[in-house]
Amino acid sequence: MPLADVAQALAIVLAWGVNFVVIKWGVAGVPPLLLGALRFMLVALPAVFIVKRPALPWRYLALYGLTVGVGQFGCLFTAIKLGMPAGLASVVLQSQAFFTLLLARAFLGERWQASQLAGVALALGGLALIGMGKGGDMSALGFGLTIAAATSWAASNIVVRAIGRAGCKVEPLGLVVWSSLVPPLPFLLLSWRLEGSDAMLAALRGLDVQSLFAVAYLAFIASMFGYGLWSRLLARHAAAKVAPFSLLVPVVGLLASHWLLGESLTPAQLAGSGLLMAGLLAAVFGGRLLAMASGRASRA
């Protein structure tokens, strides 16, 4: 990749890693489900008048919007509000890769490679260590909701794969923008039912600079800038060259949360995070490394 494109990929990693700190700032002043509604309203409008609608049936846009929007971010925002440390959330959310493998096996009949099985085993051990670890501000409910967010993200990945299998071309930016029309209404209804109309009105009337910054960052930097630039890189380079940069997101998330929020991991959480990331590396690169090793052995 040219150096300019590497710099753009790193800029996306920075934006997505700091995103977890911004979520923490956002839910401090705005109820999490209302924050989700505001985020997706700003992503959808006025972008739907600028970005061409993907050539997809509405059912796919609706399914993607519900899974990645309401499911992933509704659970993630609520988890961080209920005590899930932002940095740790950035790590645990990466378990979506393993839930994607499970769902792909169950719904699409995809087979697993040995390296992926090893990665799942390492990741499960890491999640167990994180879940059982004591100390810090992590709550059991916050941890559980972060796992639910990762599962919802995995479900959205299955929707994208189903779109590809149906012979439709996936345009990442168009998919993000047009599917963002779906989450606001469910978010508003859930916020009214679970957070209460009084809390909603109070938050809207009392929006301060920090809350406004959080909403704007989540919509324009994390979503529009991040996914827009990401889709540009995917259009110019093979996915195998671009996708590994996403592995740096939890690293940035941990560092940013430590510097900006004063968060730190307990030894068990640190060990669990290491195991989870090792599992992710094994799942992503293990097959390639085994093939290279096998090729060298055959040549020898």
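In this convention, every chain numbers its residues from 1, walking through the sequence in written order. Local features in a predicted model are, by the rule used here, given only for residues with pLDDT of at least 70; side-chain atom pairs are given and counted only at 80 or more, and totals for whole chains, interfaces and linings are based on all residues. Side-chain measures here rest on the full set of heavy atoms in the structure, leaving out hydrogens and waters.

Visitor: Would you mind going over empty space enclosed by the protein with me for this structure?
Guide: As defined here, a cavity is a set of points on a 1 Å grid over the protein atoms alone where a 1.4 Å probe fits but cannot get out. A pocket is an open set with protein on both sides within 12 Å along at least five of seven lines, and residues line them when an atom is within 4 Å of a point. Grid points are joined across faces, edges and corners, and a volume is the space filled by probe spheres set on the points. Taken as a whole, this structure holds two cavities of 30 Å³ or more when the rule is applied. Roughly 100 Å³ of internal volume is contained in the largest cavity. With five residues, the top contributor of residues to the lining of the largest cavity is helix H3 (residues 58-81). Here the residues of the lining of the largest cavity sort into eight nonpolar, five polar and one charged. In this model, the second largest cavity occupies a volume close to 50 Å³. Forming the boundary of the second largest cavity are Ser-95, Phe-98, Phe-99, Leu-102, Val-120, Ala-123, Leu-124 and Leu-127. Each residue receives one of three labels: charged for Asp, Glu, Lys and Arg, nonpolar for Ala, Val, Leu, Ile, Met, Phe, Trp, Tyr, Cys and Pro, and polar for the others, Gly being one of them. Within the lining of the second largest cavity, the residues separate by chemical class into seven nonpolar, one polar and no charged. Helix and strand assignments follow DSSP, with helices taken as H or I runs no shorter than four residues and strands as E runs no shorter than two, numbered in order from the N terminus.

Visitor: Even after reading the chapter, I still don't get helix H6 (residues 114-132), so can you show me in this structure?
Guide: The α-helix winds at 3.6 residues per turn, so residues separated by three or four positions along the chain end up facing the same way. The end-to-end C-alpha distance of H6, which contains 19 residues, comes to 27 Å, matching closely the 27 Å that a straight helix rising 1.5 Å per residue would cover. A simple rule labels every residue: compare its accessible area, found with a 1.4 Å probe on the protein chains alone, to the largest value its type can have, and call it buried under 20%, exposed over 50%, or partly exposed in between. For H6, every residue scored as buried is listed here: Ser-115, Gln-116, Gly-119, Val-120, Ala-123, Gly-126, Leu-127 and Ile-130. On an axial view of H6, the arc spanned by its buried residues comes to 135°, and they lie on one face. Residues of H6 that are exposed and point more than 90 degrees away from the buried face comprise Ala-114, Ala-121, Leu-124 and Met-132. Expected span of a helix: the number of residues minus one, times 1.5 Å. What the arc covers is the set of directions going from the helix axis to the C-beta atoms.

Visitor: Sorry, what's going on with the side chain of Ser-257 here?
Guide: Inspection of the secondary structure puts Ser-257 in helix H13 (residues 249-261). Note on Ser-257: relative accessible area 2%, which makes it buried.

Visitor: Please explain the layout of surface pockets as it appears in this structure.
Guide: In this approach the atoms are scanned with a rolling probe the size of a water molecule, which exposes any empty space left behind. Of the pockets and cavities examined, the largest pocket occupies roughly 1600 Å³. Around the largest pocket, the lining is made up of 47 residues, and of these Gln-96, Trp-153, Asn-157, Ala-243 and Ser-246 lie nearest the centre. For the lining of the largest pocket, the secondary structure elements donating two or more residues are helix H1 (3-29), H3, helix H5 (96-108), helix H7 (140-165), helix H8 (172-179), helix H11 (209-236), helix H12 (239-242) and helix H14 (267-299). The class makeup of the residues in the lining of the largest pocket is 30 nonpolar, 12 polar and five charged.

Visitor: When you look at a nonpolar patch on the surface in this model, what are you seeing that I'm missing?
Guide: Together, Leu-10, Leu-248, Val-251, Leu-255, Trp-259 and Leu-260 give the surface a local cluster of nonpolar side chains, amounting to about 590 Å² of exposed area. For the nonpolar patch, the leading source of residues is H13, giving four residues. Residue placement: Leu-255 occurs in helix H13. Owing to a relative accessible area of 39%, Leu-255 belongs among the partly exposed residues under this scheme. Without a salt bridge and with relative accessible area above 30%, a residue can belong to a patch; like charges are then joined within 9 Å and nonpolar side chains (Val, Leu, Ile, Met, Phe, Trp, Tyr) within 5 Å. For accessible areas, the Shrake-Rupley method is used with a probe of radius 1.4 Å. Any residue's cover is judged against the shown protein chains and nothing else. Whenever Lys or Arg places a side-chain nitrogen within 4 Å of a carboxyl oxygen from Asp or Glu, that contact is recorded as a salt bridge.

This is a description of form; function is not addressed.
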